[in-house]
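Observations on the model geometry
One-letter residues, chain by chain:
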Amino acid sequence: RSSFHGVVTAAALMDPKSPDDRPEAAAPQPLEWRFAQVFGERGAGEDVQEVDIISAIEFDKSGDHLATGDRGGRVVLFERTDLYMQNASRTELERQDYSVPRHPEFRYKTEFQSHEPEFDYLKSLEIEEKINKIKWGQTANNALFILSTNDKTIKYWKVQDKKVKRISVMNLDTSQSADNGTTSSSSTSSSRGLPNGGSSEKSYNCANNDLPFPPGGYASLRLPVVTGQELNPVARCRRVYAHAHDYHINSISNNSDGETFISADDLRINLWNLEINSQSFNIVDVKPANMEDLTEVITCAEFHPTHCNTLAYSSSKGAIRLIDLRQSALCDNHSKLFEEHEAPGSKSFFTEIIASVSDIKFARDGRHILSRDYMTLKLWDLNMDSGPVATFQVHEHLRPKLCDLYENDSIFDKFECCLSGDGHRLATGSYSNLFRVFGCTSGNTEATTLEASRNPMRRQVANPTRPTRTLTSLTRAVRRGGENAGADGNGNSNDFSTKLLHLAWHPTENSIACAAGNSLYMYYA
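Within every chain, residues take consecutive numbers counted from 1 along the sequence as written. Note on the predicted model: pLDDT of at least 70 is required for a residue's local features to be given, and 80 or more for side-chain atom pairs to be given and counted; whole-chain, interface and lining totals, by contrast, use all residues. Side-chain measures here rest on the full set of heavy atoms in the structure, leaving out hydrogens and waters.

Brief notes about the overall build of the chain
The numbering of helices and of strands both runs from the N terminus, where a helix is a DSSP run of H or I of at least 4 residues and a strand a run of E of at least 2. A count of helical and extended segments in the chain gives four helices and 32 strands. For the chain, the proportion of contacts with a sequence separation of at least 24, taken over those separated by at least 6, is 59%. If you sum the accessible surface of the chain, you get close to 27400 Å²; carbon and sulfur atoms cover 48% of it. Contacts are residue-level and defined by heavy atoms, with any inter-residue pair within 4.5 Å sufficient. A 1.4 Å probe and the Shrake-Rupley method give the accessible areas. Residues count as covered only by the protein chains that appear here.

Remarks on the layout of surface pockets
In this structure, the second largest pocket encloses a volume near 1200 Å³. Put plainly, a pocket is an open set of points on a 1 Å grid over the protein atoms alone with protein on both sides within 12 Å along at least five of seven lines, a cavity is a set where a 1.4 Å probe fits but cannot get out, and a lining residue has an atom within 4 Å of a point. Lining the second largest pocket we find 46 residues, and of these Glu 58, Phe 59, Lys 61, Lys 135 and Glu 302 sit closest to its centre. The set of elements that each furnish at least two residues to the lining of the second largest pocket consists of strand E2 (54-59), strand E8 (133-136), strand E14 (251-254), strand E18 (298-303), strand E22 (359-362), strand E26 (417-419) and strand E30 (502-505). Grid points are joined across faces, edges and corners, and a volume is the space filled by probe spheres set on the points.

Points about the pairing of E30
Each residue is assigned to one of three classes by its accessible area relative to the maximum for its type, calculated with a 1.4 Å probe on protein chains only: buried under 20%, partly exposed between the two thresholds, exposed over 50%. Side chains His 502 and Ala 504 project from E30 onto one buried face, and the interleaved Leu 503 and Trp 505 project onto a second face that is buried too. One requirement defines pairing of two strands: DSSP has to find at least two bridges between them. Two successive antiparallel strands, E30 and strand E31 (residues 511-516), enclose a turn made up of five residues.

A closer look at the sheet that holds E2
On the basis of which strands lie adjacent, the open sheet formed by four strands has the order E2-E3-E4-E5 and antiparallel pairing. Looking at the sheet topology across the chains shown, the edges are occupied by E2 and strand E5 (106-113). Taken over all neighbouring pairs, the strand axes of this sheet differ in orientation by 20° on average, direction set aside. Relative to strand E3 (residues 65-70), E2 runs antiparallel, the two being bridged by five bridges. Counted as the bridge partner of Ile 57 is Thr 68 from E3. Angles shown run from 0 to 180 degrees and are taken between the N-to-C directions of axes, each axis being a line fitted to C-alpha atoms and, for helices, limited to the stretch in contact.

Remarks on the pattern of salt bridges
Each reported salt bridge corresponds to a side-chain nitrogen of Lys or Arg within 4 Å of a carboxyl oxygen of Asp or Glu. Inspection of the entire model under this criterion finds 26 salt bridges. The closest approach of N and O atoms between Arg 367 and Asp 381, which form a salt bridge, is 2.7 Å. On the criterion of sequence distance, the pair formed by Arg 367 in the loop between E22 and strand E23 (368-372) and Asp 381 in strand E24 (residues 376-381) is long-range, its members being 14 residues apart. Note that Asp 404 and Lys 401 form a salt bridge whose closest N and O atoms lie 3.4 Å from each other. When its relative accessible area of 41% is taken as the criterion, Asp 404 is described as partly exposed.

Things to note about the sheet that holds E24
Strands sit in the order E22-E23-E24-E25 across an open sheet of four strands; the sheet is antiparallel. Of all strands in the sheet, those with a lone pairing partner are E22 and strand E25 (390-393), marking the two edges. The sheet shows a mean angle of 15° between the axes of neighbouring strands, direction not considered.

Brief notes about the confidence of the model for the chain
Taken residue by residue, the chain gives an average pLDDT of 81. The fraction at 70 or more is 75%. Confidence per residue, as judged by the predictor, is encoded in pLDDT with a range of 0 to 100. Note on residues 1-24: pLDDT under 50 across the span, and 25 contacts to partners over four residues away in sequence or across chains. For residues 461-485, every residue scores under 50 in pLDDT, and the model assigns this stretch 54 contacts once sequence neighbours within four places are set aside.

Regarding a nonpolar patch on the surface
Each patch is built from salt-bridge-free residues with over 30% relative accessible area, joining like charges within 9 Å and nonpolar side chains (Val, Leu, Ile, Met, Phe, Trp, Tyr) within 5 Å. The grouping of Phe 349, Tyr 406 and Phe 412 at the surface amounts to a nonpolar patch, some 310 Å² of accessible area in total. On the secondary structure map, Tyr 406 appears in helix H4 (residues 402-407).

Here we look at the packing of aromatic side chains
A pair of aromatic rings is counted whenever rings of Phe, Tyr or Trp (Trp by its six-membered ring) have centres within 6.5 Å, and the orientation is called stacked for planes under 30 degrees apart, edge-to-face for over 60 and tilted otherwise. Scanning all chains against the criterion turns up 23 aromatic pairs. Members of the aromatic cluster, joined through ring pairs, are Phe 35, Phe 435, Tyr 521 and Tyr 523.

Observations concerning the state of the cysteines
Only a pair of cysteine sulfur atoms within 2.5 Å qualifies as a disulfide here. Scanning the model with the defined rule gives zero disulfides in all. Unpaired in this structure, Cys 417 has its nearest cysteine sulfur neighbour in Cys 418, at a distance of 7.1 Å.

Quick look at the nonpolar core
Only buried residues count toward a nonpolar core, which is a set of Ala, Val, Leu, Ile, Met, Phe, Trp, Tyr and Cys residues joined through side-chain atoms within 4.5 Å. If you look at the biggest cluster of nonpolar residues, it comprises 17 residues, and the most contacted ones within it are Trp 33, Phe 435, Val 437, Leu 503, Ile 512 and Cys 514. Mapped by element, the contributors of at least two residues to this core are strand E28 (434-439), E30, E31 and strand E32 (519-524). It is E31 that provides the largest number of residues to this core, a total of three residues. With residues up to four places along the chain from it excluded, the contact list for Cys 514 reads Ile 57, Phe 435, Ala 452, Leu 500, His 502, Leu 503, Ser 519, Leu 520, Tyr 521 and Tyr 523.

Structural notes on the pairing of strand E29 (residues 447-451)
By the criterion of burial, E29 is predominantly enclosed, with five of the five residues buried. In E29, alternate side chains face the same way, and those of Ala 447, Thr 449 and Glu 451 on one face and Thr 448 and Leu 450 on the other are all buried. Bridge analysis of E28 against E29 gives five bridges, and the strand direction is antiparallel. Within the sheet, the bridge partner assigned to Phe 438 lies in E29 and is Ala 447.

With respect to the environment of Ala 515
Mapping Ala 515 onto the fold places it in strand E31. Remark: the alpha-carbon pair of Ala 515 and Ala 56, spanning 459 residues in sequence, is separated by 8.3 Å. Discounting residues that sit within four places of it in the chain, Ala 515 has contacts with Ile 54, Leu 500 and His 502.

Section: the environment of Gly 423
Within the secondary structure, Gly 423 is located in the loop between E26 and strand E27 (425-429). Of the residues examined, Gly 423 reaches a relative accessible area of 9% and is grouped as buried. As a C-alpha pair, Gly 423 and Asp 365 span 58 residues in sequence and 7.9 Å in three-dimensional space.

Structure follows, in structure tokens:
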């Protein structure tokens, strides 16, 4: 009975009407994804430097700016350029009176060094400069605000366009050259004196001047002229939030109140005020009195998009806990627990490893949470904690190879996930620089596999298979069969050295940005 209820809820996720009121509607068509642009594309045979590999990616709330962080501690900003028609004149708008299919276009804006490599002398520990997470703050006075973090230190950056003033004309008129004590373009000087106090009877040699001062002085004097006040983006670090985490920071998340944010490591979650970097409040602490009793760690944490008192965090055991900051100062007890229990007798050595949640994201409406573990995507309804309302198999063909993946440590890869702004689709990455897009509304069986390249659809087959989301899809025991253990659903071999871990969905349009090594690929539908 409960499983059947879960499937009904999945079908009614996005439509509040009762089944009797809904008209018969055709199943939505899968989106056709096209290549938009690429930044930092690698040439054939070109080696990728470790410091250039992208480690974080994030759109701002408007979708007009995109930020990436890399393992070298740099943050690179891109801005949208295809919105010129919003400020166009009426004549221009009339000329463009027909619909032109345009896709979001971005250009490089600026970059800055956010973090440097450090060394903790007390613990004899090297601290990498790699950017773990980037989050956008609220825009104010045409300035962009960004939170970035490495393993230990969070920084709050302000990026604003500043006018760069240039002096184009020096004090001395360089177009006039001295000739025999006088200027070539002026009349011969008289013994009575020259303009600007010069005299033909005196010779001025000032040792403090960089330019020679000829006998008789100069006939004309120009004041400096300031020109070329072009706007250049300048990044300035406003705050540094340090020394608050004993373990590596895995998450940061802005609160909807615009004043606070959280940072999470393996065992603790801290609450910060953006204006105060000298102290933070510990709101979640899962560290046991005896570390030998430790059974799970925090893997990701995120604030609710609209409720400033609600946040969720995931664990290495596959659980997601929802906590309410109004309940107590230290949120030892969760208000809701979302987890899916394994079927009896299905446990193996790898069960707990692949159950670890690597990323969670709230849907924009705040009603649903998307989680990613090693093998699947799960969609959860905050009003139903009995189990996920939908489960999507990302690379089920790898299940027979879990032993090999464990040997080469690939089983510990942390894949991110994202939802579209309307909540109708979701996406996540896989190996061989592939990523998958699923439809999650009623009747939508979309399951597209794309490659991070200039031809994203080249891995497609005529009728891509997709595990059905029926009663059995709410468990891990799903379709197995005559698949090549070393190939994906389309028969392509897997390359575990190329993995697509980081991607982001544009908040208002069907556009995805994903990181493949040091390259940033963008697609639209």
